[in-house]
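Structural features, examined
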Amino acid sequence: MMQRNQQGQRSRSAKPTTVHGCAQSGDLVGIQKLLRDNPSLLNDRNPVMAQTPLHVSAGYNNVGIVKLLLDSQGPEKVELEAKNMYGETPLHMASKNGCNEAAQLLLANGAFVEAKANNGMTPLHLAVWHSLRAEDCSTVKTLLEYNADCSAEDNEGMTPLNHLSQGPGSEKLRELLCWHREEQRKRKAIEACSETKAKMDELEDALSNIVGLNELKLQLRKWAKGMLLDERRRALGLKVGPRKPPHMAFLGNPGTGKTMVARILGRLLFMVGILPTDKVTEVQRTDLVGEFVGHTGPKTRRKIKEAEGGILFVDEAYRLIPMQKSDDKDYGLEALEEIMSVMDGGKVVVIFAGYSEPMKRVITSNDGFCRRVTKFFHFDDFSSIDLSNILHLKMNNQAEDSLLYGFKLHPSCTVDVVATLIEAETSEKQRKEMNGGIADPMLVNARENLDLRLNFDCVDTDELLTITLEDLEAGIRSLSR
């Protein structure tokens, strides 16, 4: 008996010889020597479990060794998010064993509180399991102090709360988790509200560049607000159905802003998560319709594929429909049918654009058109005051690669004065045919006139960059001619 006791005593006092053994037993001196002799052991994996020394020391709450490993100054840095064979990090190990001090140290050094094991469980899931067995909530409280997500789901869709039994011993833990879950929902709602305001401000900034079109801008605001409120509802944990992307028809003359609005709409639908991209693919009949039998379908499908995830903007869509019925099949109808066939899939938003009157041919050409295209917007012709506002907006928003970048209008070129000039120098027919298309050539011509009347010896920097009313008058007269 004495011999067995002596052998047992010798066995218990024997020093571990591996880095993992030292990490488990808490042999600080031993692990220091091993790492000094072989620094590569810092992240060494043990057989079978594939655990690092940090896994082992955290799982045994050997805080001195955890700190040593975290503070290591060797050629390697400790792998804070290393995963064992079950996909568990050192924080998982500390949490599942109720090693609160080790968990605190890991979290203070940046351990990811939402790390997921192979089964989808977070450290909080495992800490809850331990708390139920040990009746000790300290590790759960530590994780919650670092805002561990009470609503995180594992691979079976279970949250930490779902793992609680209905017994009386779990009531205190349930109250703790429920309180933190509600606090987290409130914080998410506040964050979502702040993000929503920022997105609405971004939309308003884009809408500020649209002159007129008040009905359409109101609809864009309605869509944006509704979709952003859905974001907030989901942030609060509410279940709401997804919104279906709206297909539209833009009706109006050229130059009334249809393409520009389509681009803004693309950014809006992307911003609120309805579309995965903000791209707008602009096509006309020639991009869709082939010259021979069998060409149109593949040609149209390629363009639809190109537009997936964004908006397909079909300009002058009425050209797909022949003006008069004939015995010969018009390939434009085939292109329209290809487009209509994908509109229920949700992969692309389609906008048909064109003159109001001819677009009636498109609307009546297909029985399913009005079922799929649910929003019709009329783009009215711009008044002279609208055109003046557009001109001023363009001058104030020139890109660096623009011919007019760096130039400005003379203070005498007010909106009212320029509107009077446009009214006097253009006909109603010309304004109706060009609409917003008047502004760019008018400004380019005005700059050319500025260059013409300046002398080479001019050194007044303000004068060199200022377009006057005289220049605008010359610019619009050149346009009229």
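For the structure, check the block above.
In this report, the structure presented in the accompanying data block is examined. Quick caveat: nothing in here was measured; it's all calculated off a predicted structure.

A word on the overall build of the chain
For the chain, the helix and strand inventory stands at 23 helices and seven strands. For a compact globule of 481 residues, the expected C-alpha radius of gyration is about 23 Å, and the chain comes in at 35 Å, more than 25% above that figure. Over its C-alpha atoms, taken along the principal directions, the chain stretches across nearly 120 × 70 × 45 Å. For the chain, the residues scored as buried account for 46% of the 481 residues in total.

Some words on the layout of surface pockets
Estimates place the volume of the largest pocket at around 700 Å³. Lining the largest pocket are 29 residues, with Gly257, Met260, Ile390, Lys394 and Gly436 sitting closest to its centre. Breaking the lining of the largest pocket down by element, the ones donating at least two residues are helix 12 (258-271) and helix 18 (384-396). With four residues, the single largest contributor to the lining of the largest pocket is helix 12. Here the lining of the largest pocket is composed, by residue class, of 11 nonpolar, 12 polar and six charged.

Concerning the packing of aromatic side chains
Counting across every chain of the model gives five aromatic pairs. A centroid spacing of 5.7 Å and a plane angle of 45 degrees characterise the contact between Tyr318 and Tyr355, whose relative ring orientation is tilted. Here Tyr318 is found in the loop between strand 3 (311-314) and helix 15 (331-342), whereas its partner Tyr355 is found in the loop between strand 4 (349-354) and helix 16 (359-365), with 37 residues between them in sequence. Residue class for Tyr355 comes out partly exposed when judged on its relative accessible area of 33%.

Quick word on the nonpolar core
Residues Leu106, Leu124, Val140 and Leu177 are the most contacted members of the largest nonpolar core, which totals 39 residues. Considering every element that reaches this core, the biggest residue donor is helix 7 (residues 100-108), with five residues. Ignoring anything within four residues of it in the chain, the contact list for Leu106 reads Leu54, Ala58, Val66, Leu70, Leu80, Pro90, Leu91, Ala94 and Ala111.

Notes on helix 19 (residues 415-425)
A turn of α-helix holds 3.6 residues, and therefore any two residues three or four places apart point the same way. Listing the buried residues of helix 19 in full gives Val418, Ala419, Leu421 and Ile422. Angularly, the buried residues of helix 19 cover 160 degrees about the axis, an arc narrow enough to put them on a single face. Exposed residues lying more than 90 degrees from the buried face of helix 19 are Asp416, Thr420 and Ala424.

Observations concerning unusual backbone geometry
Non-glycine residue Ala50 carries a positive phi angle of around 55 degrees. For Ala50, the location among the structural elements is in the loop between helix 3 (28-37) and helix 4 (53-59). Look at Ala50 and you get partly exposed, because its relative accessible area is 23%.

Let's talk about empty space enclosed by the protein
Using the criterion set out here, one finds one cavity of 30 Å³ or more in the structure. Here the largest cavity defines a volume of roughly 40 Å³. Leu387, Ile390, Leu391, Ile422, Gly436, Ile438, Ala439 and Met442 together form the lining of the largest cavity. The set of elements that each furnish at least two residues to the lining of the largest cavity consists of helix 18 and helix 21 (439-453). The greatest single-element share of the lining of the largest cavity, amounting to three residues, is contributed by helix 18. A breakdown of the residues in the lining of the largest cavity according to their chemical character gives seven nonpolar, one polar and no charged.

Concerning the environment of Arg453
Relative to the elements of secondary structure, Arg453 occurs in helix 21. Taking the relative accessible area as the measure of exposure, Arg453 reaches 30% and is therefore partly exposed. On a C-alpha basis, the gap between Arg453 and Asp471 in space is 9.1 Å, while along the polypeptide they are 18 residues apart. Residues contacting Arg453, with those up to four places away along its chain left out, are Thr466, Thr468, Glu470 and Asp471.

Brief notes about helix 3
Looking only at helix 3, the buried set comprises Gly30, Ile31 and Leu35. Buried residues along helix 3 cover an arc of 125 degrees about the axis, so they all sit on one side. Counted as exposed and oriented over 90 degrees from the buried face of helix 3: Val29, Arg36 and Asp37. Buried residues belonging to helix 3 abut helix 2 (19-25) and helix 5 (63-70). The N-capping residue of helix 3, defined by a side-chain oxygen 3.5 Å from the backbone nitrogen of Val29, is Asp27.

Reading the values: rules and limits
Residues numbered from 1 in each chain as written. Predicted model: local features only at pLDDT ≥ 70, side-chain atom pairs only at ≥ 80, totals over all residues. Heavy atoms only, no water. Helix = DSSP H or I, 4+ residues; strand = E, 2+ residues; numbered from the N terminus. Rg over C-alpha atoms; globule rule 2.2 N^0.38 Å. Buried < 20%, exposed > 50% of the residue type's maximum accessible area, 1.4 Å probe, protein only. 1 Å grid on protein atoms, 1.4 Å probe; cavity = no way out; pocket = protein on both sides within 12 Å on 5 of 7 lines; lining within 4 Å. Points joined across faces, edges and corners; volume = space filled by probe spheres on them. Nonpolar A, V, L, I, M, F, W, Y, C, P; charged D, E, K, R; others polar. Phe/Tyr/Trp six-rings, centres within 6.5 Å; stacked < 30°, edge-to-face > 60°. Core = buried A, V, L, I, M, F, W, Y, C linked by side-chain atoms within 4.5 Å. Contact = heavy atoms within 4.5 Å. Arc of directions from axis to C-beta. Polar contact = N/O pair within 3.5 Å; in protein donor to acceptor, adjacent residues only side chain to side chain.

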